[in-house]
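# Per-entry structural report
Below, each chain spelled out in residue letters.
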Amino acid sequence: MRFSASVVGAGLIFLAFQAWAESAVADITPKVEFSAHVTRGHPKDATQAGKGMMYVGRHAVRTESRVKDQLVRVIYRSDVQEVWILFPERKVYLKQPGPGGVRPPLPDEPASPCRTDKAFSCRRLGPERIQGRDTQHWEIGFTHPEGGRETTQLWVDTRLEIAIREVYHDGGSVQLTEINEGAQSQDLFKIPEDYQQMSLPGASSGAGGAAPR
């Protein structure tokens, strides 16, 4: 398990997404709205590389990138506790239950897996400046249930309260660049009216259909 969140390849780098989604923590809203470019890199695996965008509002987050030559947008709405996965080129979307907060807890917050899950160990390495921004550098260790351990490096922006850079044990990385603070349009966090809802394979059909290929 990576101490991050790359949902359908969108490059969203909120830390500990899986633990967050499973723990139903209290609503955590960001203090600062912003947009940023997201760059994923890997020295050995080109499929892990890519670029995308992130938009963070008060109660919603949107990410977008190309996945297998298909544009994918993911919208997290904490106000309705849902995640929407949009495929703009086909004008269809999937809807899934989502966590209550816009972001997961940070390593030093009470609800963090660092404090609630013995499989995690978290060490603060100190302040660092990245892209002219103040961050706290963290080293996150995770021990797998079946054995083995991996370590992730996080640089948490102290103003935005999310990781703006992550470096994984396998050499992969995710980084936010061209960060622009400011209110985000609510239209970014809506499903366009001409989109059709699709069903996951095996799910009961509503607006139905097979999952996109």
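Just so you know, these numbers come straight off a predicted model, no measurement behind them.

Moving on to the overall build of the chain. Scanning the chain for helices and strands turns up two helices and twelve strands. In the chain, the succession of α and β elements from N to C terminus is α-β-β-β-β-β-β-α-β-β-β-β-β-β. Across the 213 residues of the chain, 50% fall into the buried class. Partitioning the contacts of the chain with sequence separation of at least 6, the portion at a separation of at least 24 is 47%. As presented, the chain carries roughly 10700 Å² of accessible surface, and 47% of it is formed by carbon and sulfur atoms.

Moving on: the pattern of salt bridges. Pairs can form between side chains of opposite charge once their charged atoms are near each other. Following the criterion strictly, the structure yields 13 salt bridges and no others. A salt bridge links D108 to R124; its shortest N-O distance comes to 3.3 Å. You can see D108 sitting in the loop between strand 6 (92–97) and helix 2 (113–116) and its partner R124 sitting in strand 7 (residues 120–130), a full 16 residues away along the chain. Classification of D108 as partly exposed rests on a relative accessible area of 33%. Here D187 makes a salt bridge to K190, at a shortest N to O gap of 3.6 Å. The network of salt bridges with common partners includes R133, D157, R159 and E181.

Here a disulfide denotes a covalent bond joining the sulfur atom of one cysteine to the sulfur atom of another. The tally for this structure, following the rule as stated, stands at one disulfide. Two residues, C114 and C122, share a disulfide whose sulfurs are 1.8 Å apart. When the S-S torsion is -75°, as for the bridge of C114 with C122, the disulfide is left-handed. The class for C114 is buried, based on a relative accessible area of 18%.

Okay, the sheet that holds strand 8 (residues 133–143) next. The mixed open sheet is built from twelve strands, whose spatial order is 7-8-9-10-11-1-2-3-4-5-6-12. Each having just a single partner strand, strand 7 and strand 12 (196–197) make up the two edges of the open sheet. Note that strand 4 (residues 70–77) and strand 5 (residues 82–87) share five bridges and pair antiparallel. Within the sheet, the bridge partner assigned to Y76 lies in strand 5 and is V83.

Quick notes on the rules
- Residues numbered from 1 in each chain as written.
- Predicted model: local features only at pLDDT ≥ 70, side-chain atom pairs only at ≥ 80, totals over all residues.
- Heavy atoms only, no water.
- Helix = DSSP H or I, 4+ residues; strand = E, 2+ residues; numbered from the N terminus.
- Buried < 20%, exposed > 50% of the residue type's maximum accessible area, 1.4 Å probe, protein only.
- Contact = heavy atoms within 4.5 Å.
- Areas by Shrake-Rupley, 256 points an atom, 1.4 Å probe, with all protein chains shown as cover.
- Salt bridge = Lys/Arg side-chain N within 4 Å of Asp/Glu carboxyl O.
- Disulfide = S-S within 2.5 Å.
- Pairing = 2+ DSSP bridges.

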